[in-house]
Amino acid sequence: MAEEIKIPRRILGLILSSVSAGVVPRVGASYIAIGRTEEIASLVKDLDFVKDDGGCMRFIIGKYGSGKSFLLTLLRGYAMEHGFVCADADLSPERKLCGTNGAGIATYRELIRNLSVKSSPEGGALGQIISKWLSSISMELAAEGLDPESPVFEKAVRNEVFSFCRELENHVGGFDFALVLSNYYSATVNGDENKKSACMRWFRGEFTTKTQAKMMLNVSDIIDDENWYDYIKLWCAFFKKIGYSGFCVFIDECVNLYKISNRISREKNYEKLLSMFNDSLGGRAPGLAIFMGGTPQFLEDTRRGVYSYEALRSRLNDRGYAVKTELKNFMGPIIRLRRMSDNELLALVKRITILHSQYYKEEARITSEEMIRFVKICSDRAGADTLITPREIIREYISLLDVMLQNPETSFKDVVGESGEKVNLASSEADNGDVEFEDFDDI
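Residues numbered from 1 in each chain as written. Predicted model: local features only at pLDDT ≥ 70, side-chain atom pairs only at ≥ 80, totals over all residues. Heavy atoms only, no water.

Student: Account for the packing of aromatic side chains, naming residues and giving values.
Tutor: Across all of its chains, the model carries 19 aromatic pairs by this definition. Chaining the aromatic ring pairs together yields one cluster made of Trp-133, Phe-164, Phe-177, Trp-202, Phe-203, Tyr-231, Trp-235, Phe-238, Phe-239, Tyr-244 and Phe-247. One Lys or Arg, Arg-304, reaches over the ring of Tyr-258 and ends 5.4 Å from the middle of that ring. (Phe/Tyr/Trp six-rings, centres within 6.5 Å; stacked < 30°, edge-to-face > 60°. Lys NZ or Arg CZ within 6 Å of the ring centre and 35° of its normal.)

Student: Could you give an account of the nonpolar core, naming the residues involved and the relevant values?
Tutor: Counting residues in hydrophobic clusters, the biggest one holds 81 residues, and the most contacted among them are Trp-202, Phe-203, Trp-235, Phe-247 and Phe-298. Top element by residues in this core is helix 10 (residues 228-241). It accounts for nine residues. Dropping the residues within four chain positions of it, Phe-203 is found in contact with Tyr-108, Ile-112, Leu-126, Ile-130, Phe-177, Val-180, Leu-181, Ile-223 and Trp-235. (Core = buried A, V, L, I, M, F, W, Y, C linked by side-chain atoms within 4.5 Å. Buried < 20%, exposed > 50% of the residue type's maximum accessible area, 1.4 Å probe, protein only. Helix = DSSP H or I, 4+ residues; strand = E, 2+ residues; numbered from the N terminus. Contact = heavy atoms within 4.5 Å.)

Student: I'd love a proper account of the pattern of salt bridges, names of residues and values included.
Tutor: Throughout the structure, instances matching the rule amount to 20 salt bridges. If you follow the salt bridges from partner to partner, you end up with Asp-230, Lys-233, Asp-279 and Arg-284 in one network. (Salt bridge = Lys/Arg side-chain N within 4 Å of Asp/Glu carboxyl O.)

Student: Which residues make up the side chain of Arg-304, and what values go with them?
Tutor: Mapped onto the elements of the fold, Arg-304 is located in the loop between helix 13 (296-300) and helix 14 (310-316). Buried charge without a salt bridge: Arg-304, with Asp-301 as the nearest opposite-charge side chain at an N-O distance of 6.4 Å. Separated by 3.2 Å, the side chain of Arg-304 and the backbone oxygen of Tyr-258 make a polar contact. When residues no more than four places from it in sequence are discounted, the contact partners of Arg-304 are Tyr-258, Lys-259, Ile-260, Ser-261, Arg-266 and Tyr-270. (Lys, Arg positive; Asp, Glu negative; His and termini not counted. Polar contact = N/O pair within 3.5 Å; in protein donor to acceptor, adjacent residues only side chain to side chain.)

Student: So what about the pairing of strand 4 (residues 288-294)? Which residues, and what values?
Tutor: Along strand 4, seven of the seven residues are buried, which leaves the element largely enclosed by surrounding structure. The two faces of strand 4 match: Leu-288, Ile-290, Met-292 and Gly-294 on one face and Ala-289, Phe-291 and Gly-293 on the other face are all buried. Pairing geometry for strand 1 (residues 56-61) and strand 4, over six bridges, is parallel. In the sheet register, Phe-59 faces strand 4, and the bridge partner there is Met-292. Sheet analysis places strand 3 (residues 246-252) next to strand 4, joined by five bridges and oriented parallel. Among the inter-strand pairings, Phe-250 is bridged to a residue of strand 4, identified as Phe-291. (Pairing = 2+ DSSP bridges.)

As structure tokens, this is what we get:
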């Protein structure tokens, strides 16, 4: 068995419980990152470009279980480590880009609720970000020689806040945004917790009427279904100005846009998607990176998918030389996730074995040859060349390890059988041929 990977036990337990259920762990994804090196390298270059005031929008396309969500989570962790503010949300029947009954603002609320930075990777970082910004202003003035206890100091901080806010007024929605920031500072100085709470509610898009917002904060607008994306761009400008590398927005389960039955509602969502694409790549949202995960059906279906909207199809259609010749192309707006190789799947199985043994403090009773045999059984399944996914491999393998752990008298052959029929993995015809695997230096 390879040397143990040093992982906090809480994170290790979260990883195993998540992946065994077919769910991507919110933290710790990097510990089970195998393969996809070219895709990751391409996305990392996007972040470097965004850090230099560029913008980008990428679609991560793959079948269910192919690793879309995992790749987005992995990129999210990398972005936070490199000074980006990140927000993520899964679309659903209740959360869309726009729609009736607050479907658009529901997506915005989910993004802000999951706002994350390096020091708060699990979400809920909005208050921390604003408080850190106010503290930095105070520390800068104190470093200039002003006494923090003097009335002059408070006035100087207030002037800095108002000056900063005036620079945001040029953006769409910037005046009200700046006014709420000023209210938040005033409430902090005066110890007015009710007003601070009202400011945070406004930032999170929780006000439902303009009258209520006017009465509590003296602002004339609220964040709603129509303008929430404008405020995403405004947040991006704010984050950049206070020193962050940029703002990364991760939106997964985009297949829910494809599932919208009403044509008019579906096309309105695609119009919003087109606006986001044009802003990101047209230089109108510097510092903003948008990554969206979806299935091939969501993208390519010409009746209900993205390609049914001509303006988007003409921008995104990647059925060119690379696809026709099955060559790689990770430089366009679409990254298609291909099937992981048998060698990468074997590396993944070995990594899971190490983590499982470490968590249960008992070495798994499975040899390298049996791991190879397991991967071969999976690869021999009918249609595996195109249908086998990392999710299926991981779930079935952890199930195998769990059974062997709880039944110490059993062996790999007892559980799997001669050809894998006991775990429903075998192809219709048994194949006893050997399979060769490359060496893995990173395991």
